[in-house]
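# Secondary and tertiary structure notes
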Amino acid sequence: MSILAVLEQRTTPAGPPEWNRMSFETLAAAQQFAAQLGVTASAAVVGSGIGSLAGELASRQLEKVYAVEHQLLKNYTPDGYVIALRQLVERVKPSLVLFPHTYQVRDFLPRLATALNRVAVSDVVSHRIESGQVVLVRQLFQGKVNADMRLAGDTPHFASLQAGAYRADQISAGTAAVEPFTPQIQPSDVRTKPLEVFRESQRAVDLGAAEIIVSVGRGIKEADNIPLVQKLADALGAELAASRPICDAGWLPMERQVGSSGQTVAPKMYLAVGISGAIQHLVGMKGSRTVVAINKDANAPIFEVADYGIVGDLFQVVPELIEAIQKAR
Amino acid sequence: MKIVVAIKQVPVRDSQLRIASSGKWIDQADLAYEINEPDAYALEAGLQFKEQHGGEVVALCAGPPEAAQTIREALAKGADRAIHIEQDTAASDPLATARLLAAALKSENPDLVLTGLQSDDLGYGQTGVILAELLSLPHATIIMQLEKRNGGIRVKRELEDGWFQHVEMPLPALLTIQSGISKLRYATLMGIKKAKTKEIRRVTAADLAVPAGASSVTLDRIYLPERTKHTQLFEGSPKEAAAQLVEKLKFEARVI
């Protein structure tokens, strides 16, 4: 029995491959699982030219670090990764394989698990060990309900971990043996052709630098109501941001989007107006120092992370709030 | 071009959820249902692709008999016919659901299979990708745009943090579609009328002879999450609540 953490790197157009920072959360989690189960943890990194990244892991408390290296893995493709990782898992025979829940992992992990006749538990937020068995907690209904998933039966099991669920600064130092692993992949195995990675526009707004952010969600109902939250942002000297549906609808530009597909922010105060708090949004703002939520639904997941809240109609609350702020300043 | 769009019916977004007495699923009494939002965008992408390149759109849905409501809506919006796998998959794992979908598509040989990137209820974000593996199709996820090119397709994939990537692949292929990428059409009166005459092929899990393989993951229980953070809620009139909040922000959190 052993734990294998599959870490993520991205090949940058200009320089050498770089870690996706969520990888270290997965590494920390793998060490925790291993310690609690009394087994060993190993790590794997997949790509081409990733020797030095693998080498960086030699000073962590791991049994082995597998450098899964192949020219056909230089650019990510789901076919290439599934083939390579399937061969690695069949060779190493881990009991549990952990991944960061990134967009890339979402793209290939279900396929990898299916190829091995397994179901991956995706987007895990925490775990516990019960009489030697692993119970993983994941969220349903956009974070309104939790589910306990028990791993039983044949191994290997597969799980991906939500951003922020485990702390990257809790990695134990030690030594690990780096071992190259060369998978067998044919060019014809890779059916998709990845082209250039690009950004739509230069980011004019750096929400990461804002001390106060007022963020607006579906509850605002119409584009014509946006000026109301803009006025609140002005009263606080805040940047205006939004959840995804607002930017999709074109009511605010994409560069103001907070969440897994937008920017990650951690201001002194994050004031969420009419945002229910879907997981994809929370991962982008839950590091904020003070979170304030105004929402009509008392059960909205945003209240899970809020320090202060008002349950009520934003169209009544926000004008009063603007007035109270102006008086207080 | 035969386009299959896999759709799912889920409880409406603002539903007040209660845990069923079994502790294994939510209480389904008194819930209203709608199409899973990302699937609505997959259907829209399928309909637009058909309008550009011809062919037919087949709506594929696994769900209880009540899911007929969502299927009829897809037909009213322009899907040509539908396949309804009458099986309550509400709490199924994504592999079990994808096996049903794959079995129902055996005789279809689609050129393109589309589905939403994830469901609003289970939120695994896996069914489409698993279906691609079961059908041995190339795939790409979180797609914003698709266009026909050189006998295959070229798609725009969303990556994290504002990055995108173009990917090309041959057909047949499977894509999972990002929510919000286009404007959704409404069903017209004519569409609603026409939908009544369109074919819905109904099959059961037994008809499809999908073996119910023992899963290595079992759902122990579901429950409402415990508040890990103590939220100070301000009550009273909007004016009173706003005044109390500003007081706290100024003197306790010291952010204004």
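Residues numbered from 1 in each chain as written. Chains lettered and ligands numbered in written order. Predicted model: local features only at pLDDT ≥ 70, side-chain atom pairs only at ≥ 80, totals over all residues.

Turning our eyes to something else, we now look at the overall build of chain A. Looking only at helices and strands, one finds nine helices and 17 strands in chain A. Judged by the C-alpha coordinates and their principal axes, chain A covers about 65 × 50 × 35 Å. Here the contacts in chain A between residues at least 6 apart in sequence split such that 64% fall between residues at least 24 apart. (Helix = DSSP H or I, 4+ residues; strand = E, 2+ residues; numbered from the N terminus. Contact = placed C-beta atoms within 7 Å.)

Taken in spatial order, the 10 strands line up as E11(A)-E5(A)-E4(A)-E1(A)-E6(A)-E10(A)-E7(A)-E8(A)-E9(A)-E12(B) in an open sheet, and their pairing is mixed. In the strand order of this sheet, the two ends are held by strand E11 (177-181) of chain A together with strand E12 (217-223) of chain B, each with one partner. On average, each strand axis in the sheet is tilted by 30° relative to the strand beside it, whichever way the strands run. By the bridge criterion, five bridges tie strand E5 (residues 64-69) of chain A to E11 of chain A in an arrangement that is parallel. Each bridged residue has a counterpart across the sheet, and for Val-68 of chain A the counterpart in E11 of chain A is Phe-181 of chain A. In this fold helix H3 (residues 78-92) of chain A packs onto strand E1 (2-7), strand E4 (40-47), E5, strand E6 (96-100) and E11 of chain A, with an angle of close to 155° to the strand it touches most, E4 of chain A. (Pairing = 2+ DSSP bridges. Axes fitted to C-alpha atoms, helices over the stretch in contact; angles between N-to-C directions.)

Our next topic: the interface of chain A and chain B. Taken together, the contacts link 76 residues of chain A with 68 residues of chain B. The pairing of strand E17 (residues 308-311) of chain A with strand E13 (residues 232-233) of chain B spans two bridges and is classified as parallel. The partner of Tyr-308 of chain A across the bridge, within E13 of chain B, is Gln-232 of chain B.

A sheet is described by the order of its strands in space; here six strands give the open sequence E14(A)-E13(A)-E15(A)-E16(A)-E17(A)-E13(B), paired in parallel fashion. Here the strands that pair on one side only, and so sit at the sheet edges, are strand E14 (239-242) of chain A together with E13 of chain B. The strands that helix H9 (residues 314-328) of chain A touches are strand E15 (269-273), strand E16 (290-295) and E17 of chain A; relative to E16 of chain A, the one it contacts most, it runs at about 135°.

A separate point is the nonpolar core. One finds Val-5 and Ala-59 of chain B to be the most contacted residues of the largest nonpolar core, which totals 122 residues. Contacts of Val-5 of chain B, omitting those with residues within four sequence positions, involve Ala-42, Leu-43, Gly-46, Val-57, Ala-59, Leu-60, Leu-114 and Thr-115 of chain B. If you look at the next biggest cluster of nonpolar residues, it comprises 55 residues, including Ala-210, Ala-242, Val-283 and Tyr-308 of chain A. (Core = buried A, V, L, I, M, F, W, Y, C linked by C-beta atoms within 7 Å. Buried ≥ 20, exposed ≤ 12 C-beta atoms within 10 Å, placed from the backbone.)

Mapped onto the fold, Arg-199 of chain A is located in strand E12 (residues 193-199). Given 11 C-beta atoms within 10 Å, Arg-199 of chain A falls into the exposed group. Separated by 178 residues in sequence, Arg-199 of chain A and Arg-21 of chain A have C-alpha atoms that sit 20 Å apart. Not counting chain neighbours up to four residues away, the residues in contact with Arg-199 of chain A comprise Gly-162 and Trp-163 of chain B.

Looking now at the domain arrangement of chain B. Each assigned domain of chain B is listed here: domain 1 (2-208) and domain 2 (225-256). If you average the C-alpha positions of domain 1 of chain B and of domain 2 of chain B, the two centres end up 42 Å apart. (Domains from an automatic or database assignment.)

To continue, consider the environment of Val-137 of chain A. Residues and elements named next belong to chain A. You can see Val-137 is positioned in strand E8 (residues 133-140). Classification of Val-137 by C-beta neighbours within 10 Å gives partly exposed; the count is 19. With 98 residues separating them along the chain, Val-137 and Ala-235 place their C-alpha atoms 40 Å apart. Look past the residues within four positions of Val-137 in its chain and what remains in contact with it is Val-124, Val-125, Ser-126, His-127, Asn-146 and Asp-148.

A few words now on the packing of helix H5 (residues 226-236) of chain A against H9 of chain A. All names here are of chain A. Remark: H5 packs on H9, axes separated minimally by 10 Å, with the N-to-C direction vectors making an angle of 20°. If you check the angle between H5 and H9, you find them roughly parallel. Pair H5 / H9 crosses with left-handed handedness. Residue-level inspection shows Leu-228, Val-229, Lys-231, Leu-232, Ala-235 and Leu-236 of H5 in contact with H9, the latter providing Val-318, Leu-321, Ile-322, Ile-325 and Gln-326. (Parallel < 35°, antiparallel > 145°, perpendicular 65-115°, else oblique. Left-handed = near helix turned anticlockwise from the far one by under 90°.)

Moving on, we come to the pairing of strand E7 (residues 139-149) of chain B. Residues and elements named next belong to chain B. One ladder, built from three bridges, connects E7 with strand E10 (residues 173-177); its direction is parallel. What sits directly across from His-139, in E10, is Leu-174. Examined bridge by bridge, E7 and strand E8 (residues 152-158) share six bridges and lie antiparallel to one another. The residue bridging Lys-148 from the neighbouring strand is Ile-153, located in E8. Remark: two residues form the turn of the hairpin made by E7 and E8, two consecutive strands paired antiparallel; Asn-150 in that turn has positive phi of roughly 45°.

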